[in-house]
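Summary of the model geometry
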Amino acid sequence: MSFKFPERMPTAGASDDAGLAAVVEAAPVGVLVVAADGRMLYVNSALESMFGYSKAQLLGQKVEMLLPAEIRERHLDFRQLFFAQPTPRTMGSGRELFAQHADGRQFPIEIGLGSMPHNNEVCAVAFVSDITQRRRLEHRFSKMVSSLPIGLLMAGADGKISMTNPALDAMFGYPQGTLAGQAVEVLLPQRIREGHPALRAAFAKTPEVRAMGSGRDLLAQHRDGSEFPVEVGLTPLETEAGRQVLAAITDISQRKKFEETLQQANAQLEEFTYVASHDLRSPLRGIADLISWIREDLDASQLSPDIERNFVRAEERIARAERMIDDLLEYARAGRQGERVEEVDPEQLVRETLDLLNIPAHFRVEVEITARPFPATRTPLSLAIRNLLSNACKHHGGSKGVIRISVEEEGRFNLFTVEDDGVGVPPGSEERIFKLFHRASSQAAGHGVGLAVTRRMVNSNGGTVVLDRNGSLGGACFRIRWPRFPLKEVES
């Protein structure tokens, strides 16, 4: 097929050749017809706009004028090679191609080559696309991938790595870019490499976005041969090079270490709880029984006021030791999950807590609640508030006073504030008072367990509790930030 190349769009009703030319003229990509000697015989409007030249400036000129000056001489050889075997192909396959605009700037292009007869000679037809915008997006994507704190790699169906980001290279101990071209199995422990191709093949049959090795612990191998636990997310992608798999890899060594430490701490706490419940309570009961029997064996004449007072003091101390054991058991149970999440009305919760406490009549309680009902575990929240209100009365330091509790929404938390106008907490005790068996002062009542229990309950539900020195009443001011939305529990 051949046709004449018009200088302007043909009118309706022209020949078939003219109709085809009209289609080419309206094409959204640049179309260029070049003779064997390099002369441009035809350009369409899209190519004019792309390069900033008019048709009159281009027709009859050598095609090399559209190329950067430094590659024009080499292009002569490429042109001769094409005309020696004019078959359809992509120009510069595997290389970045650049063209030169009329204003001198260079921009990236893609070129598809074909051939067609014209006036008894073979001409080259080039379809030119300006890919500046695509390259800009690819550059932005590359920068984003490079800056991500998680490891990313891309691999083809053959398991060969085509791309990694700096975070992955650093994670596995390889110099940047050196993993490209290697089999993905190089990142796995030697003992499991043999079976991995079968897993890759299974994923290729049903590719989907998912976590790799769900329900199993995954291990990777560092360049130095050491192994470390990882989490892997897989995403299939269709690319110009065919289907690829993008793997997002996270080193979870630190998290695993924290989990193991927490499990050990919980196990030790469970053991301590058992000892406190059985090995301590039983001897105390035995001592209490012995004292009771001794008291019964003594005649009334032998029970002087001092002896009677000592018996009472011994019984009180035994009761106090038993209460301490109960407090310890409450502390051990405080961090356990399993409470049912329900809709909690903050105002109703505070009113119920105040009713249970029986605040002394000479204390005035102020309640300010603006927060709306929210889903939460009622029991630990109620216990935490009750402990703070109880402490406000117990450690106030006066015979009368003011206690204020307020609840307001603060971002994704509800802020519970319990404050009083009492003596407050001595400076330097802000964190110490939350530790087990620590009290604000030696004169403070109790065993130093209540605030430790409170913090343990609040923290285990995703919240925080702190002592705030900026309370409006001048005494102690405690603030609980409790999530307005329940945190998802993760099975260990």
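Whatever comes next refers back to the structure up there.
Okay, so let's go over this structure. Nothing here was measured: the structure is a model prediction, and the numbers come from that model.

What follows deals with the pattern of salt bridges. Pairing of side chains with opposite charge becomes possible as their charged atoms draw close. Summed over the entire model, instances satisfying the criterion amount to 28 salt bridges. We note a salt bridge from Glu96 to Arg135, for which the minimum N-O separation is 3.1 Å. In this pair, Glu96 is assigned in the loop between strand 3 (89-90) and strand 4 (97-100) and Arg135 in helix 5 (residues 132-147), connecting sequence segments 39 residues apart. Salt-bridge contacts for Glu366 lead to Arg404; the nearest nitrogen and oxygen are separated by 2.8 Å.

All right, on to the environment of Tyr53 then. Its place among the elements puts Tyr53 in the loop between helix 2 (45-51) and helix 3 (55-58). It is 9.5 Å that separates the C-alpha atoms of Tyr53 and Asp103, two residues lying 50 residues apart in sequence. Setting aside its immediate chain neighbours within four residues, Tyr53 contacts Glu48, Leu58, Met65, Leu66, His101 and Ala102.

This brings us to unusual backbone geometry. With phi around 50°, Asn119 is a residue other than glycine that occupies positive phi space. Mapped onto the elements of the fold, Asn119 is located in the loop between strand 5 (106-118) and strand 6 (121-130). The phi angle at Asn120 is positive, at roughly 65°, despite the residue not being glycine.

Turning our eyes to something else, we now look at the nonpolar core. By size, the foremost hydrophobic cluster in this structure holds 31 residues, and its most contacted members are Phe416, Phe478, Ile480 and Trp482. Secondary structure elements with two or more residues in this core: helix 11 (346-357), strand 15 (374-377), helix 12 (378-394), strand 16 (401-410), strand 17 (413-420), helix 13 (450-460), strand 18 (464-467) and strand 19 (477-483). Here this core takes seven residues from helix 12, the largest share from any one element. Those residues in contact with Ile480, other than ones at most four positions away along the chain, are Ala384, Leu388, Asn414, Leu415, Phe416, Val458, Thr464 and Val465.

Reading guide: rules and limits
- Residues numbered from 1 in each chain as written.
- Predicted model: local features only at pLDDT ≥ 70, side-chain atom pairs only at ≥ 80, totals over all residues.
- Heavy atoms only, no water.
- Salt bridge = Lys/Arg side-chain N within 4 Å of Asp/Glu carboxyl O.
- Helix = DSSP H or I, 4+ residues; strand = E, 2+ residues; numbered from the N terminus.
- Contact = heavy atoms within 4.5 Å.
- Core = buried A, V, L, I, M, F, W, Y, C linked by side-chain atoms within 4.5 Å.
- Buried < 20%, exposed > 50% of the residue type's maximum accessible area, 1.4 Å probe, protein only.

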